[in-house]
Every structure is written in structure tokens, then in C-alpha cells.
Amino acid sequence: MNNFLHRIKRKFIKLRLQPVRVFCFHHITEEYDASYMKRGDWMQLSLFKNKIEDMQLNGIEFISLYSAYNHIKNDRIRTKKYVVITFDDGYASLKGIIPWLMENKIPVTLFINPKYLDGESYRDNPNERYLTANDLKELTDQYGILLSVQSHGWEHTDAAKMSSEELKENISKTIEALTPYTTHSIPILYHAYTWGSYTKENDEVLMSIGIVPVKINGRVNYNDSSCIDRC
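Below is a short write-up of the structure. (Residues numbered from 1 in each chain as written. Predicted model: local features only at pLDDT ≥ 70, side-chain atom pairs only at ≥ 80, totals over all residues. Heavy atoms only, no water.)

## Observations concerning the overall build of the chain
Line of reasoning, step 1. Scanning the chain for helices and strands turns up seven helices and nine strands.
Line of reasoning, step 2. A compact globule built from 231 residues would reach a C-alpha radius of gyration of about 17 Å, and the chain, at 18 Å, matches this within 12%.
Line of reasoning, step 3. Every one of the 231 residues in the chain was classed for burial, and the buried ones make up 49%.
Line of reasoning, step 4. Counting contacts in the chain only where the partners sit at least 6 residues apart, residues at least 24 apart contribute 63% of the total.
Line of reasoning, step 5. On the chain, roughly 11900 Å² of surface is accessible, and the fraction owed to carbon and sulfur atoms is 50%.
Line of reasoning, step 6. Positive and negative side-chain charges of the chain, numbering 29 and 29 respectively, have mean locations separated by a distance of 11 Å. (Helix = DSSP H or I, 4+ residues; strand = E, 2+ residues; numbered from the N terminus. Rg over C-alpha atoms; globule rule 2.2 N^0.38 Å. Buried < 20%, exposed > 50% of the residue type's maximum accessible area, 1.4 Å probe, protein only. Contact = heavy atoms within 4.5 Å. Areas by Shrake-Rupley, 256 points an atom, 1.4 Å probe, with all protein chains shown as cover. Lys, Arg positive; Asp, Glu negative; His and termini not counted. Charge placed at Lys NZ, Arg CZ, Asp CG, Glu CD.)

## What to know about the side chain of Arg78
Line of reasoning, step 1. Along the polypeptide, Arg78 turns up in the loop between α3 (65-74) and β5 (82-88).
Line of reasoning, step 2. Note on Arg78: relative accessible area 3%, which makes it buried.
Line of reasoning, step 3. Reaching out from Arg78, the side chain makes a polar contact with the backbone oxygen of Gln18 at a distance of 2.6 Å.
Line of reasoning, step 4. Once you skip the residues sitting within four places of it in the chain, Arg78 turns out to touch Arg16, Leu17, Gln18, Pro19, Val20, His71, Ile72, Asn221 and Tyr222. (Polar contact = N/O pair within 3.5 Å; in protein donor to acceptor, adjacent residues only side chain to side chain.)

## A word on helix α6 (residues 164-178)
Line of reasoning, step 1. Along its 15 residues, α6 runs 21 Å from first to last C-alpha, staying within 8% of the 21 Å computed at 1.5 Å per residue.
Line of reasoning, step 2. Within α6 the residues assigned to the buried category are Leu167, Asn170, Ile171, Thr174 and Leu178. Summarising the axial view, the buried residues of α6 lie within an arc of 95°, below the 170-degree limit, and thus occupy one face. Facing away from the buried surface of α6 by more than 90 degrees, the exposed residues are Glu169 and Glu176. (Expected span 1.5 Å × (residues − 1). Arc of directions from axis to C-beta.)

## Considering the environment of Leu47
Line of reasoning, step 1. Following the sequence through the fold, Leu47 ends up in helix α2 (residues 45-57).
Line of reasoning, step 2. Taking the relative accessible area as the measure of exposure, Leu47 reaches 39% and is therefore partly exposed.
Line of reasoning, step 3. Taking the C-alpha atoms as reference points, Leu47 and Ile28, separated by 19 residues in sequence, lie 9.2 Å from one another.

## Quick notes on the nonpolar core
Line of reasoning, step 1. With 32 residues, the main nonpolar core has Phe48, Ile85, Phe87, Ile97, Leu101 and Leu110 as its most contacted residues.
Line of reasoning, step 2. Of all the elements in the fold, those that place two or more residues in this core are α2, β5, α4 (98-103), β6 (108-112), α5 (133-143) and β7 (147-151).
Line of reasoning, step 3. Not counting chain neighbours up to four residues away, the residues in contact with Ile85 comprise Phe23, Phe25, Ile52, Phe62, Ile106, Pro107, Val108 and Thr109.
Line of reasoning, step 4. By size, the runner-up hydrophobic cluster in this structure holds 16 residues, among which are Tyr69, Val84, Ala192 and Ile228. (Core = buried A, V, L, I, M, F, W, Y, C linked by side-chain atoms within 4.5 Å.)

## Observations regarding the state of the cysteines
Line of reasoning, step 1. Taken as a whole and judged by the stated rule, the model has zero disulfides.
Line of reasoning, step 2. Just so you know, Cys227 is unpaired, no disulfide at all, and the nearest cysteine sulfur is the one on Cys231, 13 Å from it.
Line of reasoning, step 3. On the basis of relative accessible area, Cys227 is assigned to the buried category, the value being 5%.
Line of reasoning, step 4. In this structure Cys231 is a free cysteine whose sulfur lies 9.2 Å from that of Cys24, the closest cysteine sulfur available.
Line of reasoning, step 5. Given the relative accessible area of 30%, Cys231 is considered partly exposed. (Disulfide = S-S within 2.5 Å.)

Spelled out as C-alpha cells, the structure:
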């Protein structure tokens, strides 16, 4: 009986609320570079642009993650179709696509590991190139509210393997490092788990310090404001 009532409730929600879709990308370039890119993290530039333009033609409105979360939390009826564009890891290749998105007034959220902003550190491969501190400052100064910087943790490590205190310290360090890049936009309010890996305890830690967990699980968002789902 409980499962039946849950299905009825979910169906009713879907009837009155259009889903909010939040997409996660990494590299958007014309050519794939196997020396530092992973195939699953790459999309061809022309294909990406075509997808964006097709969505615009189909009446989809691109909004910021901040606006999307407010819709998820507060909407009782949602007839518009909303999409959010996010990028994880802050690769230097983003300098090729961000200007185009900004010209088209499409808000973007960058989930950044501030350890790699020094221009020398890397995650797995010495060929990896990330946005530097100067790059990020120039982008956020130039594009203002359209470009939000949010937490991906100090470095690209698995939150599920951290204790509660380790995660708190990690997020605190990340917020301190990224706050200078939020001058023209919102403060650090969201944290995207690396690899989408997390535990229930991780969620509880983030929520206890006022940070919304952001996941990557192929789901869309209706009215559950305990987290943000991405595909």
C-alpha cells in the first residue's frame, strides 16, 4: 500500500511540475586530446552548440543553478522547462566555450577544486591543464552574475572516504579559497561530489553547514530540495 501511494504521489508531482534538468560537462572542444582528456568527459564543440540551440528552439529556458534551486524548493506549479549548465573540475579547455555561452546569456556554474588553480598541481596526469587563479578572476570579473563558482572540494578526492570532520575541514578550506571569485555572483552554497560518490553522512554534514549537495546520477529535479540531481 505504501509503495502504491508513493507512486500516486510521484505521478501527481510530475503532472504539476515540469522537471528541472541540470547537466554536467567537463571538456567542450572541437578536437579530442587523448593526452589529458577522458573520452567520457569530452563533447565536441559543434555538437554541444547544436544541442544548446536545439533546446532554445524548443522553448527551454537556461537559468542559473541558484535560480533552479529556488524553483525546486518553492514552485507548486511549474509549466516552464528549465535547464542548468554546470562544468566540473575547471579545466583550462573551458576558456574556449565560456565566452560563447556568455554571449548567449546562458548562466554557467563551475565546480572548482582550488588546489589546481596554482597552474602546477594536477589530479592524475601531468598533461592536465586547469584554469589558473588569474584565469578564474578574469572570467568572474568579466561575466559577473552569469558565471558562478562553487565547491568541488579542495582537490579531486572521494568524499565517501572522508570522516565528517575531514569533510567539514575540506569544505571550509575550499570556501575560503573560492570566496574571492564570488564577488560578482552568489557565495558558495553548493558542493558537487567528485565522481558522484557520497554517503548519507556526507549529505548530513553538508546540510548542517548550509551547503546543498549536488550529485550526478542521471536524475532530474522536481521538488526535493535536499539535494540537486544532475545528468
